[in-house]
Amino acid sequence: MPGGVNSPVRAFKAVGGNPLFIDRAEGSKIYDADGNEYIDYVCSWGPIIFGHNNAAIRDAATIAAQKGMSFGAPTEAEVKLAEKIISYVPSVEMVRMVNSGTEAVMSALRLARAYTGRQKVIKFEGCYHGHADSMLVKAGSGALTLCEPDSAGVSENITQDTLVASYNDLASVEELLKKKNIACVIVEPVAANMGVVLPKEGFLKGLKELCGTYGTLLIFDEVITGFRLCKGGAQEYYGVLADIVTYGKIIGGGMPLGAYGGKKEIMELVAPSGPVYQAGTLSGNPIAMAAGLAQLEALEQQDIYAHIDKLCEKLAKGLLEIAQNCGIKSCVNRIGSLCSLFFGIENAYDYKSVKKADTELYAKYFRGMLDENVYLAPSQFEAMFISYAHTEKDIDKTLESAEKIIEQVV
Ligand SMILES: *Cc1c(COP(=O)(O)O)cnc(C)c1O
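### A word on the nonpolar core
Residues I85, F124 and Y365 are the most contacted members of the largest nonpolar core, which totals 105 residues. Built from parts of two domains, this core gets at least three residues from each of domain 1 (2-54 + 303-409) and domain 2 (55-300). With sequence-adjacent residues up to four places away left out, Y365 is seen in contact with L319, L341, F343, L376, A402, I405, I406 and V409. If you look at the next biggest cluster of nonpolar residues, it comprises 19 residues, including L109, V121, L217 and V276.

Below, the structure written as structure tokens:
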């Protein structure tokens with residue numbers, strides 16, 4: 001396997017060393033193949049909101065598996081999951097299941113182009129939307145409007161239709177909207193793939209207004225925020241509704257699952273109702289449906305958000321205090337159960353500001369924390385995730401370790 005992994009960030013390239021090979025996980029802990037136990041703050045990059053190996057989710061998946069792995073035909077579980085999503089998210093009247101966040105985004109962009117009859121899309125520097133060609137772009141030097149491929153093998157013809165704006169900078173969006181006919185603006189309502197970067201007050205509302213003015217659709221990529229910030233995701237949290245929403249990560253409870261949805265008027269353009277072709281042999285897989293549905297249903301039985309919010313707040317405050325007491329320029333961005341500690345910068349509000357972070361110091365900190373049996377994201381530019389299975393004790397132990405390690409590595 002290239003780099004020994006099936007997804008690049010797992011390889012520890014940004015922090016050095018060899019990745020842990022995981023054998024199993026339980027609650028807030030993961031266990032590697034050598035039997036070492038770690039407090040886990042990766043949580044499979046977000047999906048694990050109830051903690052690892054949650055009985056209700058595991059049992060639902062197991063029962064589904066016993067009835068067959070896949071049918072390639074409709075099942076009741078798909079209807080139930082669709083209804084559940086729609087009941088949580090007011091902007092979603094219709095939904096289509098896919099297998100990953102990448103697929104959800106790719107399909108949402110196609111749909112937005114079809115609905116508006118326009119070609120170009122705007123994304124934000126530092127936001128990640130999966131590995132579809134049109135999203136693997138970076139701003140070229142000079143004018144904001146010129147984009148370059150950000151991966152080998154991506155056609156320049158495709159990236160020409162993607163324009164890049166600066167996160168938290170409405171003026172940069174309007175400048176592009178004025179110049180071109182834009183099909184959609186896609187945004188992570190809380191950016192979590194350049195480290196956690198929060199939308200400034202009024203940013204999301206402003207995007208919604210600008211999109212309204214220019215007849216452009218607003219896509220919220222809620223692959224991380226959906227069901228993690230609260231049941232209705234960032235839209236409920238910030239009180240701003242998008243035209244199309246994409247899901248991934250959390251929605252499958254750990255199974256490969258993505259979805260996109262929106263108003264009926266827009267979604268009805270998708271085949272077979274409409275002319276926008278999008279399909280998937282394994283889409284709506286019964287085991288993924290069962291796991292996803294069990295997790296979403298569990299959100300009605302247990303109010304997990306107060307717990308994960310409180311623990312994450314304690315973690316974030318503690319980490320910042322430790323770093324500052326050690327005399328390191330640093331900042332922490334947190335919302336709900338996700339946070340990032342940035343070394344070397346005092347403010348992280350867009351891509352340019354986070355790029356100045358001290359990644360070497362983070363790498364040392366990461367390796368030190370791993371020695372302390374705390375498993376952090378192997379990159380400065382990823383989030384830490386808390387699950388409902390994390391405890392005060394986990395946070396205390398993590399902060400104790402952080403105090404020791406940060407003192408050592410500065
Ligand atoms: C992870 C991620 C994706 C891509 O999802 P995959 O399931 O890895 O394809 C898209 N958007 C956001 C915001 C993500 O965090």
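Alright, that's what it looks like, and here's the rest.
### A few points about the packing of aromatic side chains
The final tally for this structure, using the stated rule, is eleven aromatic pairs. Between Y237 and Y238 the ring centres are 5.1 Å apart and the planes differ by 55°, which places this aromatic pair in the tilted class. Through successive ring pairs, a cluster of aromatic residues spans Y88, F227 and Y247. The cationic tip of R24 hangs over the ring face of Y31; the distance from NZ or CZ to the ring centre is 4.0 Å. Over the ring of F381 we find K355; its NZ or CZ atom is 4.3 Å from the centre of that ring.

### Topic: the sheet that holds strand 15 (residues 374-375)
Overall, mixed pairing links the four strands, which are arranged 1-2-3-15 in an open sheet. Whereas interior strands pair on both sides, the edge strands pair on one side only; in this sheet they are strand 1 (22-26) and strand 15. Across two bridges, strand 3 (residues 37-40) lies against strand 15 in parallel orientation. Its bridge partner being in strand 15, I39 is matched across the sheet by V374.

### Side note on the sheet that holds strand 10 (residues 217-221)
Sheet architecture is open: seven strands sit in the order 4-12-11-10-9-5-8, paired in mixed fashion. Either end of the sheet is taken by a strand with one partner, and the two such strands are strand 4 (94-98) and strand 8 (162-165). Averaged over all pairs of adjacent strands, the angle between strand axes in this sheet comes to 20°, irrespective of strand direction. By the bridge criterion, four bridges tie strand 11 (residues 244-247) to strand 12 (residues 258-262) in an arrangement that is antiparallel. The partner of Y247 across the bridge, within strand 12, is A259. Together, strand 4 and strand 11 form the strand contacts of helix 2 (residues 76-88), whose direction differs from that of strand 4 by roughly 125°. Helix 6 (residues 203-214) contacts strand 5 (120-124), strand 9 (182-187) and strand 10 of the sheet and is inclined by roughly 150° relative to strand 10.

### Observations regarding the site of the ligand
If you check the shell around the ligand, you find S100, G101, T102, Y128, H129, G130, E188, N193, D221, V223, I224 and K249 and nothing else. The separation between an oxygen atom of the ligand and a polar side-chain atom of T102 is 2.6 Å. Within the side chain of K249, an N or O atom sits 2.6 Å from an oxygen atom of the ligand. Bound to the protein, the ligand loses 84% of the 380 Å² it would expose on its own. In terms of residue class, the shell around the ligand is made up of three nonpolar, six polar and three charged.

### A closer look at the packing of helix 1 (residues 55-66) against helix 9 (residues 286-301)
As a packed pair, helix 1 and helix 9 sit with axes 8 Å apart at the nearest point and diverge in direction by 155°. When the axis of helix 1 is compared with that of helix 9, the two are roughly antiparallel. As for how helix 1 packs across helix 9, the hand of that crossing is right-handed. Residues A56, I57, A60, A61, A64 and A65 of helix 1 lie in contact with helix 9, whose contacting residues are P286, I287, A290, A291, A294 and Q295. The residue makeup of the contact of helix 1 with helix 9, split by class, is eleven nonpolar, one polar and no charged.

### Points about empty space enclosed by the protein
One pass over the structure, following the stated rule, counts one cavity of 30 Å³ or more. Along the walls of the largest cavity sit S340, L341, Y362, Y365, L376, A377, Q380, E382, A383 and M384, which together make up its complete lining. When residues of the lining of the largest cavity are traced back to their parent elements, those giving at least two are strand 14 (338-343) and helix 12 (359-371). In the lining of the largest cavity, the residues fall into seven nonpolar, two polar and one charged.

### Things to note about the pairing of strand 14
Counted residue by residue, strand 14 has six buried out of six residues, so it is predominantly covered. Every second residue of strand 14 is oriented toward a common face, with L338, S340 and F342 on one face and C339, L341 and F343 on the other, all of them buried. The sheet contact formed by strand 13 (residues 330-335) and strand 14 spans six bridges and is antiparallel. Residue pairing for strand 14: R334 is matched across the bridge by C339. Adjacent in sequence and paired antiparallel, strand 13 and strand 14 are bridged by two residues, among which G336 carries a positive phi angle near 50°. Across two bridges, the pairing between strand 14 and strand 16 (residues 384-385) is antiparallel. Among the inter-strand pairings, L338 is bridged to a residue of strand 16, identified as F385.

Rules and cut-offs
Residues numbered from 1 in each chain as written. Predicted model: local features only at pLDDT ≥ 70, side-chain atom pairs only at ≥ 80, totals over all residues. Heavy atoms only, no water. Core = buried A, V, L, I, M, F, W, Y, C linked by side-chain atoms within 4.5 Å. Buried < 20%, exposed > 50% of the residue type's maximum accessible area, 1.4 Å probe, protein only. Domains from an automatic or database assignment. Contact = heavy atoms within 4.5 Å. Phe/Tyr/Trp six-rings, centres within 6.5 Å; stacked < 30°, edge-to-face > 60°. Lys NZ or Arg CZ within 6 Å of the ring centre and 35° of its normal. Pairing = 2+ DSSP bridges. Helix = DSSP H or I, 4+ residues; strand = E, 2+ residues; numbered from the N terminus. Axes fitted to C-alpha atoms, helices over the stretch in contact; angles between N-to-C directions. Near = heavy atom within 4 Å. Polar contact = N/O pair within 3.5 Å; in protein donor to acceptor, adjacent residues only side chain to side chain. Areas by Shrake-Rupley, 256 points an atom, 1.4 Å probe, with all protein chains shown as cover. Nonpolar A, V, L, I, M, F, W, Y, C, P; charged D, E, K, R; others polar. Parallel < 35°, antiparallel > 145°, perpendicular 65-115°, else oblique. Left-handed = near helix turned anticlockwise from the far one by under 90°. 1 Å grid on protein atoms, 1.4 Å probe; cavity = no way out; pocket = protein on both sides within 12 Å on 5 of 7 lines; lining within 4 Å. Points joined across faces, edges and corners; volume = space filled by probe spheres on them.

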